[in-house]
Amino acid sequence: MAKSDDCIHILQGLLVFGNVVIGMCGIALTAECIYFVSTPQGLYPLLKDTENSDIHAAAWIGIFVGLALFALSILGIIGVIKASRTLLLVYIILMLITFAFEMASCITAATHQDSLTPEFFLKQMLERYQKSDPANSDNEVTKTWDELMLQNHCCGVLSPSDWVEYTSAFRLTHSDADYPWPRTCCVLDAKGLPVNLDGCKLGVSGYYNSNGCYDAISGPVSTHAWGVAWFGFAILCWTFCVLIGTMFYWSGIEY
Amino acid sequence: GVTTASTFVLDQPRCIFDNYGNADIWLVVALEDAISTFNNTAGPGTPETAFQSFPDPVRAYMTLNATLAHYPCPKPDGDIAVLRVGSETSCAQDASRPTCNGPLPGPGPYRVKFLALEGSVPVAETVWSEPIMLRTAKPPSSIATTGSGHSAGMIAITTILSILLAVLLAGLVAMLVFWRSESCGGSSSFSKPESVTVRRYNTHHVYDQPAARL
């Protein structure tokens, strides 16, 4: 009996430890998702109007799942210490529901991360940057792109030739003799005017930004999506182990 | 330099017309089929060579009007050594500027040469260039955004999580089905810590003794 008692105590200890870790991970997940939702990343307008706002939905689900995990971990610790069958049964069922939600959030984040290819951003940029008809309809996309190009010293998605290879909403109002690419692609001086306008139009290096913006876009969005997806996946694997342990513990409790 | 749908870029004629310090350097831009009929004595700025009437009926126009002073030889460092054909948009429709370097109206092919004129007498020229084609821009709808496929990571996450969830649900079902059974947990049964009670158990012989006395 002593040995069985020791095993029980070890199992109890492990379950309590497991629940403590789940509680802390729940808080971390909530904090991470709140950060992603509230940071003015500046790229949200590019993702907002498309089907890809689901990455944002995944982050919102992550916030609530994180809080639920924290609350349930406390319930689990109480249930394990008191060895109460009812409490642990409630705990297991609610944890399974939370598991299912978090699983949905991870898969959504991973799937939509896959769909953010350069072609997607290229098409969006060409169709919506400086679209003047109807007026002011895509101001946010235009402003986001301008800021992106100014801050990262880049032009286009893959390179400035994106503007030359494809027709675009921008091309409808700006002839390619005067504006092979938008003025924000030029190296600008302190007043916001091109340092050498002819050099910029000609594509002389040093007077225009010759690299594409895709790296600057995909960096933050990737971190976001993989943060939600993979951290959630790690938490779920740990939760799985704790739940299996809890089920064994539950089936061994005398009633 | 970059070739767009209406402009292209040439090397400036530096160190070519060095012997003709007094000449004006003109650029002749012609359609492919007009190079054999182009006459060097055609004057720039005339209706026969006006940009605004290009490509129909004018088949070759003259533009640039530079002098050797514009193209010092050798090239000083820091100077841009290319010339953009099609850069002047302000005079493209202005018939009073027939030597406008306006944007080209179509994708070409075009052939160009430089011509040096002293007064109206041609004194030097380059050979006709190879045919130059301009770009034709594609519409953005031609960009394929579908078929990006699923990455290995996403497939791994989905598969593994589905398996884990299935195992957990199976465990829950097993728990509930074997609620009252001792088969799974019998050997590790243990009591609840605080609920141990001692029941008073009266043995039979305590009650029998008074009866035995009688």
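Before any of the text, the structure's been laid out above.
Residues numbered from 1 in each chain as written. Chains lettered and ligands numbered in written order. Predicted model: local features only at pLDDT ≥ 70, side-chain atom pairs only at ≥ 80, totals over all residues. Heavy atoms only, no water.

### Topic: the interface of chain B and chain A
For clarity, the threshold we go by: Only heavy atoms matter for contacts: two residues are in contact if any of them lie within 4.5 Å across the pair. Two parts placed together each lose some accessible area under a 1.4 Å probe, and the buried area is that loss summed for both. Put simply, a salt bridge is a Lys or Arg side-chain nitrogen that is within 4 Å of an Asp or Glu carboxyl oxygen. Under this definition, polar contacts are N or O atom pairs within 3.5 Å; protein pairs additionally need one hydrogen-donor-capable and one acceptor-capable atom, and for neighbouring residues in sequence, both atoms have to be side-chain atoms. Strands here mean DSSP runs of E at least two residues long; helices mean DSSP runs of H or I at least four residues long; both are numbered from the N terminus. Side-chain classes follow a simple rule in which Ala, Val, Leu, Ile, Met, Phe, Trp, Tyr, Cys and Pro form the nonpolar group, Asp, Glu, Lys and Arg form the charged group, and the remainder, Gly included, forms the polar group.
Across the contact, 55 residues belong to chain B and 55 residues belong to chain A. For the pairing of chain B and chain A, the buried interface totals around 5,000 Å² over both sides, and the portion due to carbon and sulfur atoms is 72%. At the junction of chain B with chain A, the criterion picks out zero salt bridges. Taken together, the connections running from chain B to chain A amount to eight residue pairs in polar contact (both at pLDDT 80 or more). Those elements that place two or more of their residues in the side of chain B that touches chain A are β4 (82-85) and α1 (152-177) of chain B. For the side of chain B that touches chain A, the element with the most residues is α1 of chain B, which contributes 16 residues. Split into classes, the residues belonging to the side of chain B that touches chain A amount to 26 nonpolar, 24 polar and five charged.

### Structural notes on the pattern of salt bridges
Residues and elements named next belong to chain B. Which entries qualify depends on this criterion: Accessible area is worked out with a 1.4 Å probe on protein chains only. A residue is then buried under 20% of its type maximum, exposed over 50%, and partly exposed in between.
This structure, assessed with the given rule, holds five salt bridges over all chains. The salt bridge partner of Glu32 is Arg111, with a shortest N-O separation of 3.1 Å. Note that Glu32 is positioned in the loop between β2 (24-31) and β3 (60-67) and Arg111 in strand β5 (residues 110-118), a separation of 79 residues in sequence. For Glu32, a relative accessible area of 32% puts it in the partly exposed group. Lys113 is the salt-bridge partner of Glu125, the closest N and O atoms lying 2.5 Å from each other. Here the residue Glu125 occupies a position in strand β6 (residues 121-125), and Lys113 occupies one in strand β5, the gap between them amounting to 12 residues.

### Quick look at the sheet that holds β6 of chain B
Residues and elements named next belong to chain B. We count it as follows: DSSP calls a pair of strands paired once it identifies at least 2 bridges connecting them. For helices, the fitted axis covers only the stretch in contact; all axes are lines through C-alpha atoms, and the angles between them, taken along N-to-C directions, range from 0 to 180 degrees.
On the basis of which strands lie adjacent, the open sheet formed by four strands has the order β3-β2-β5-β6 and antiparallel pairing. Strands with a single pairing partner mark the edges of an open sheet, and in this sheet they are β3 and β6. Direction aside, the axes of adjacent strands within the sheet are offset by 35° on average. As paired strands, β2 and β3 are joined by six bridges and run antiparallel to one another. Counterpart to Val29 in the pairing with β3 is Tyr61.

Honestly, it's all geometry; don't read function into it.
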